[in-house]
Amino acid sequence: FAGDIDAGRRDSADALAAALRSGAVNLAQWPLMTTGFIEVTLGRYDAALTALEPLLTRLAAVPRSIEIISAWFLPDAVESMAQLGRLDEAEHWTRLLEDQGNRLDRAWTLAVGGRCRGMVLASRGDLEGALEATEAALVHHDRVPMPFERARTRLLNGRLQRRLRRQDLAATTLRAAVDEFERLGAPLWADRARDQLARTNIGPRETAALTPSELRVAELAAA
């Protein structure tokens, strides 16, 4: 989370080796989850799914066991699938998250499930539906004190607002995401949010370029 990728890789590799050496299969899950998270942080989605594939295979055998202790990697896997165009797989796991969250009223599962739903819908071109899903997810985030996960959902929410050309709203959302990642000490994720914020093209009105509609009004006024 703090952005020390090399140390994170070393510690994860050491933990995985120790778990395998001792035959503690359950303990091997967490260093694999951490490796997947590192790769998603870096935008290396193929590498993330390679690391997480054994966990997905195991979870597929007992889909109703989706709980945070054994499945906190699942949103990272879905994000990777969505980014790589593996939408049917992403849809499958998103639905399992949503079903488990609704069945047991798990705030975490509903929150990250909503974020995953937003990613899947956005990848399918339904930006309005994706925005609605992320906004519902943020409501569930209010129920569970996991500010980093909330900031990730806020980042996606702001990206969708930007893509829908709601630039002022997107700028407000993305600034909040930057501030939260910085407060948490997650510089690489703060950079992600900052990059999206830079794309909103929000600046002082007196120096901003006119939109086509504004230009037409100016031309009519001049005429």
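This one's a predicted model, so the numbers in the text were calculated from it and none came from an experiment.

Undergrad: I'm lost on the nonpolar core in this one. Help?
TA: What tends to happen in soluble globular proteins is that the nonpolar side chains get buried as a cluster. Of all hydrophobic cores here, the largest spans 33 residues; its most connected members are Leu56, Phe73, Leu74, Ala77 and Trp93. Those elements that provide at least two residues to this core are helix H2 (29–41), helix H3 (45–61), helix H5 (74–83), helix H6 (87–104), helix H7 (107–123), helix H8 (127–141) and helix H9 (147–163). Beyond its immediate sequence surroundings of up to four residues, phenylalanine 73 is in contact with Met33, Leu52, Leu55, Leu56 and Leu59. One finds Val40, Ala151, Leu174 and Ala177 within the second-largest nonpolar core, a separate group that totals 17 residues.

Undergrad: Please clarify how H5 should be interpreted in this entry.
TA: Since there are 3.6 residues in each turn of an α-helix, residues three or four apart along the chain are aligned in direction. Summarising burial for H5: 9 of the 10 residues are buried, a large majority. Every buried residue belonging to H5 is among Leu74, Pro75, Asp76, Ala77, Val78, Glu79, Ser80, Met81 and Ala82, and all of these are buried. Among the residues trailing H5, glycine 85 stands out with phi positive, at a value near 80 degrees.

Undergrad: Can you help me understand the packing of aromatic side chains in this one?
TA: Two numbers describe a pair of aromatic rings. These are the distance of the centres and the angle of the planes. Considering all chains together, one arrives at 7 aromatic pairs under this definition. Their ring planes at 80 degrees and their centres at 4.6 Å tell us that phenylalanine 1 and phenylalanine 148 sit as a pair that is edge-to-face. Linking phenylalanine 1 in the segment before helix H1 (5–21) with phenylalanine 148 in helix H9, this pair joins segments that are 147 residues apart in sequence. On the basis of relative accessible area, phenylalanine 1 is assigned to the exposed category, the value being 58%. Under the relative-accessibility criterion, phenylalanine 148 is labelled buried at 9%. Seen in terms of ring centroids, phenylalanine 148 and phenylalanine 181 are 5.6 Å apart; in terms of plane orientation they differ by 65 degrees. Their pairing is edge-to-face. Taken together, the residues phenylalanine 148 in helix H9 and phenylalanine 181 in helix H10 (residues 167–184) connect sequence positions 33 residues apart. The class of phenylalanine 181 is buried, set by a relative accessible area of 0%. Following the ring pairs from residue to residue traces out a cluster consisting of Phe1, Phe37, Phe148, Phe181 and Trp189.

Undergrad: Just checking my understanding: could you explain a negative patch on the surface for this structure?
TA: A cluster of like negative charges, contributed by Asp4, Asp6, Asp11 and Asp14, occupies part of the molecular surface. Residue aspartate 4 is classed as exposed on the basis of its relative accessible area of 52%.

Undergrad: When you look at the pattern of salt bridges in this model, what are you seeing that I'm missing?
TA: For side chains bearing opposite charge, pairing can occur when the charged atoms are close. Evaluated as defined, the whole model comprises 19 salt bridges. Between glutamate 149 and arginine 115 there is a salt bridge, with its nearest N and O atoms 2.9 Å apart. Of this pair, glutamate 149 sits in helix H9 while arginine 115 sits in helix H7, and the two are 34 residues apart along the sequence. In this structure glutamate 149 comes out as buried when scored by relative accessible area, which is 14%.

Definitions and cut-offs
Residues numbered from 1 in each chain as written. Predicted model: local features only at pLDDT ≥ 70, side-chain atom pairs only at ≥ 80, totals over all residues. Heavy atoms only, no water. Core = buried A, V, L, I, M, F, W, Y, C linked by side-chain atoms within 4.5 Å. Buried < 20%, exposed > 50% of the residue type's maximum accessible area, 1.4 Å probe, protein only. Helix = DSSP H or I, 4+ residues; strand = E, 2+ residues; numbered from the N terminus. Contact = heavy atoms within 4.5 Å. Phe/Tyr/Trp six-rings, centres within 6.5 Å; stacked < 30°, edge-to-face > 60°. Patch = residues over 30% accessible without salt bridge, like charges linked within 9 Å, V, L, I, M, F, W, Y side chains within 5 Å. Areas by Shrake-Rupley, 256 points an atom, 1.4 Å probe, with all protein chains shown as cover. Salt bridge = Lys/Arg side-chain N within 4 Å of Asp/Glu carboxyl O. Lys, Arg positive; Asp, Glu negative; His and termini not counted. Charge placed at Lys NZ, Arg CZ, Asp CG, Glu CD.

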